[in-house]
Amino acid sequence: MDPATLIGLLLAFGSLYAMIFMEGAHVSSLLLPAPMILVLGATIAIGIASSTIKDVVQAVKSLPKAFRGRTDSPQDSVDQIIRFAEKARADGLLALEAEAAETDDPFMKNGLQNIADGTDGEDLRILLEDEISTRRKANHAVSKFYNSLGGYAPTVGIVGTVVSLTHVLENLSNPEELGHMIAAAFVATLWGLLSANFIWLPIGARLARLSELELEQMNLQMEGLLAVQEGAQPILLGERLTAMIPPHKRGGKRKEGPPTASDLEAAA
């Protein structure tokens, strides 16, 4: 679990609370039901109206992912692919069918099964690339939904402020209430900006980043599976795949430089 989103949002709202406290104001003055209902409710409603029901359902299902931020370790995938390469060299490609049955990763399972079935290398690459492209489009639709909410929210907040100021103008005969009413009017604008920049846009950006990491992982797995099909040496394959991983994400101790003669003998 990567708690970056949760930590960031807590710090953001904590900073807001600190400002309110230092200014001598009260949080209750900002927690007004009417503008909150308008901004949050109308923003979500407009987001639904600008999308499809299936996209909205998928976006809601993906929301917990933004807070968990769970991503598979690239180094674990490399180690797994090296094991597949060793098994393929020892027992043949058909032995990978048993590995496909044991893995929980649908992408990896599909690739291993096709290798075991004797799918042509070029056809397998096209198949895996199509699957990656489909995943990219689905992830983009999810992050786009939350980014669109971040775009609508400030405008909805302004609409709420205009509605409230219209009510203020209707009550100019009660000057003792004008200050409170004007302050309440601007709360709608506040919640529009607040929800956009403290909630919707961070969630959209977070899901977009998680999508990038997921697609990088799938590309790494694709290159590894294609190399396994070609009969690549496990040691050289491990070096190649590890080079595709950013240094800070590499696990374990990795020797610098090219593989030694003993490494190549072990791989053979």
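Please read all numbers here as calculations on a predicted model, not as lab measurements.

Here is what the cut-offs are and how they apply
- Residues numbered from 1 in each chain as written.
- Predicted model: local features only at pLDDT ≥ 70, side-chain atom pairs only at ≥ 80, totals over all residues.
- Heavy atoms only, no water.
- Helix = DSSP H or I, 4+ residues; strand = E, 2+ residues; numbered from the N terminus.
- Contact = heavy atoms within 4.5 Å.
- Core = buried A, V, L, I, M, F, W, Y, C linked by side-chain atoms within 4.5 Å.
- Buried < 20%, exposed > 50% of the residue type's maximum accessible area, 1.4 Å probe, protein only.
- Axes fitted to C-alpha atoms, helices over the stretch in contact; angles between N-to-C directions.
- Parallel < 35°, antiparallel > 145°, perpendicular 65-115°, else oblique.
- Left-handed = near helix turned anticlockwise from the far one by under 90°.
- Phe/Tyr/Trp six-rings, centres within 6.5 Å; stacked < 30°, edge-to-face > 60°.
- pLDDT = per-residue confidence, 0-100.
- Expected span 1.5 Å × (residues − 1).
- Arc of directions from axis to C-beta.
- Salt bridge = Lys/Arg side-chain N within 4 Å of Asp/Glu carboxyl O.

Caption draft 1: Region of interest: the side chain of R206. Here R206 lies in helix α8 (residues 175-229). Not counting the four nearest positions on each side in its chain, R206 is found in contact with D2, A4, T5, A66, F67, R68 and G69.

Caption draft 2: Summary view of the nonpolar core. With 26 residues, the main nonpolar core has L96, L112, V228 and L237 as its most contacted residues. Counting residues per element, the ones that place at least two in this core are α4 (74-91), α5 (96-102), α6 (106-116), α7 (121-169), α8 and α9 (234-243). In this structure, L237 is in contact with I81, A85, G224, A227, V228 and A232, ignoring residues within four places of it in sequence. Within the second largest apolar cluster, 12 residues are counted, among which are A59, A66, A196 and L207.

Caption draft 3: Expanded view of the packing of α4 against α9. The N-to-C vectors of α4 and α9 enclose an angle of 160 degrees; their axes lie 9 Å apart at closest approach. Put simply, α4 runs roughly antiparallel to α9. α4 and α9 meet at a crossing whose hand is right-handed. From α4, Q75, V78, I81, I82, A85, E86 and R89 reach across to α9, where they touch P234, L237, G238, L241 and T242.

Caption draft 4: Structural context of the environment of K144. With respect to the helices and strands, the residue K144 is situated in helix α7. Overall, the relative accessible area of 53% leaves K144 in the exposed class. Along the chain, K144 and A208 lie 64 residues apart, while their C-alpha atoms are 8.5 Å from each other.

Caption draft 5: Geometry of the packing of aromatic side chains. Taken as a whole, this structure holds 3 aromatic pairs when the rule is applied. Aromatic side chains F13 and F198 sit 5.3 Å apart centroid to centroid with 90 degrees between the ring planes, which places their arrangement in the edge-to-face category. Within this pair, whereas F13 is found in helix α1 (residues 4-22), its partner F198 is found in helix α8, the two being separated by 185 residues in sequence. Overall, the relative accessible area of 32% leaves F13 in the partly exposed class. Overall, the relative accessible area of 22% leaves F198 in the partly exposed class.

Caption draft 6: Structural view of the confidence of the model for the protein. Averaged over all residues, the pLDDT of the protein is 87; the fraction at 70 or higher stands at 93%. Per-element mean pLDDT across the protein ranges from 43 in helix α10 (residues 261-267) up to 94 in helix α2 (residues 33-49). Predicted confidence is poor over residues 253-268, with pLDDT under 50, and the contacts of this stretch with residues over four places away or in other chains come to 16 contacts.

Caption draft 7: A look at α2. Between its first and last C-alpha, α2 extends 23 Å over 17 residues, near the 24 Å set by a 1.5 Å rise per residue. Those residues of α2 lying buried are P35, V39, T43 and G47. Buried residues of α2 fall within an arc of 80 degrees about the axis and therefore sit on the same side. Along α2, exposed side chains directed more than 90 degrees from the buried face belong to P33, A34, I37 and A49.

Caption draft 8: Fine view of α9. When we look at burial in α9, the residues that qualify are P234, L237, G238, L241 and T242. End-on view of α9: buried residues confined to an arc of 130 degrees, all on one side of the axis.

Caption draft 9: Spatial organisation of the pattern of salt bridges. Under the counting rule described, the total for this entry stands at 9 salt bridges. E223 serves as the salt-bridge partner of R125, at 3.3 Å between the closest nitrogen and oxygen. Placement of the pair is R125 in helix α7 and E223 in helix α8, with a sequence separation of 98 residues. Given the relative accessible area of 25%, R125 is considered partly exposed. Here E223 falls in the buried class, since its relative accessible area comes to 15%. Salt bridges sharing common partners tie together R125, E129, E223 and R240.

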